[in-house]
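# Structure at a glance
Next come the chains, spelled out residue by residue.
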Amino acid sequence: DNDADKAKIAQINEEIDKFDSELARIQNEIKEEKRNYNNLDMDLASANNILHGAITCPKCHHQFLLSNEKSLEDVQAEKKSIEAKMKKSKQNMDSLVEDENKTAELVTKKEKEIIDIYHGLSRIEDQFRVLKGDLSTRPVFVNTKEHIDAHLAICTIALIVMRIIQLRIAAASSEIPANKLWSY
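Residues numbered from 1 in each chain as written. Predicted model: local features only at pLDDT ≥ 70, side-chain atom pairs only at ≥ 80, totals over all residues. Heavy atoms only, no water.

## Concerning helix H3 (residues 145–172)
With 28 residues, H3 ought to run about 40 Å at 1.5 Å a step, and its terminal C-alpha atoms sit 41 Å apart, in line with that. Of all the positions in H3, only Cys155, Leu159, Met162, Arg163, Gln166 and Ala170 are classed as buried. (Helix = DSSP H or I, 4+ residues; strand = E, 2+ residues; numbered from the N terminus. Expected span 1.5 Å × (residues − 1). Buried < 20%, exposed > 50% of the residue type's maximum accessible area, 1.4 Å probe, protein only.)

## Description of a negative patch on the surface
Taken together, the side chains of Glu14, Asp17, Asp20 and Glu111 present a region of like negative charge at the surface. Broken down by element, the residue count for the negative patch peaks at three residues, all from helix H1 (residues 2–52). You can see Asp20 is positioned in helix H1. Residue classification places Asp20 among the partly exposed positions, given a relative accessible area of 36%. (Patch = residues over 30% accessible without salt bridge, like charges linked within 9 Å, V, L, I, M, F, W, Y side chains within 5 Å. Areas by Shrake-Rupley, 256 points an atom, 1.4 Å probe, with all protein chains shown as cover. Salt bridge = Lys/Arg side-chain N within 4 Å of Asp/Glu carboxyl O. Lys, Arg positive; Asp, Glu negative; His and termini not counted. Charge placed at Lys NZ, Arg CZ, Asp CG, Glu CD.)

## Considerations on the side chain of Glu33
With respect to the helices, strands and loops of the structure, Glu33 is situated in helix H1. With residues up to four places along the chain from it excluded, the contact list for Glu33 reads Ser89, Asn92, Met93 and Leu96. (Contact = heavy atoms within 4.5 Å.)

## Things to note about the environment of Ile26
With respect to the secondary-structure elements, Ile26 resides in helix H1. Here the alpha-carbon distance between Ile26 and Glu100, two residues 74 residues apart in the chain, equals 6.2 Å. When near neighbours in sequence (up to four residues on either side) are disregarded, Ile26 contacts Leu96, Asp99, Glu100 and Thr103.

## Details of the pattern of salt bridges
Counted by the stated rule, this structure contains nine salt bridges. Of the charged contacts, one joins Arg25 and Glu29 as a salt bridge, the two residues approaching to 2.1 Å between their closest N and O atoms. On the criterion of helical spacing, the pair formed by Arg25 and Glu29 is a turn pair, its members being four residues apart in helix H1. Given the relative accessible area of 34%, Glu29 is considered partly exposed. Among the charged side chains, a salt-bridge network with shared partners connects Glu15, Lys110 and Glu113.

## Focus on the nonpolar core
If you look at the biggest cluster of nonpolar residues, it comprises six residues: Ile9, Ile12, Ile16, Val107, Ile114 and Ile117. Among the elements of the structure, H1 and helix H2 (72–132) are those that each provide at least two residues to this core. When residues no more than four places from it in sequence are discounted, the contact partners of Val107 are Ile16, Phe19 and Asp20. (Core = buried A, V, L, I, M, F, W, Y, C linked by side-chain atoms within 4.5 Å.)

Shown next, in the form of structure tokens:
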């Protein structure tokens, strides 16, 4: 059982390593997407600055740019394109953050599995400690194999009965958590 638990822990650690590398990949993609978003934001600010420099003709109400590099329509189309790219970038970041949260949650679950396995091992060790100490499993006054086997059987049955009583008390009383009863 101990070897099986060690193998399970090793398997879970491998899964955690895979999740950690996936988490690192996602975090790098988020950084890259944030960088892309910030660049688009600067481009949008630049387009807005150009559009704020537009002048309207009082006679025909046509708008002109002070700069002759691009037409007003080109700048407006560029602004719409930038806004669409920013929206897509924001959606990508939201999706990546969601993936990051899911992956982190999986890592946490796997870590809890390992903790539960170690707690199980600890409880088993506690059972042996109770058998050896409180229930005096060590056959001090018996010499024959039959007497030793009978003594061990009685001690094991006593331990099982004691644990059943503890679990029933825990089920009946919400004041005592079940995990506290195991630390007898």
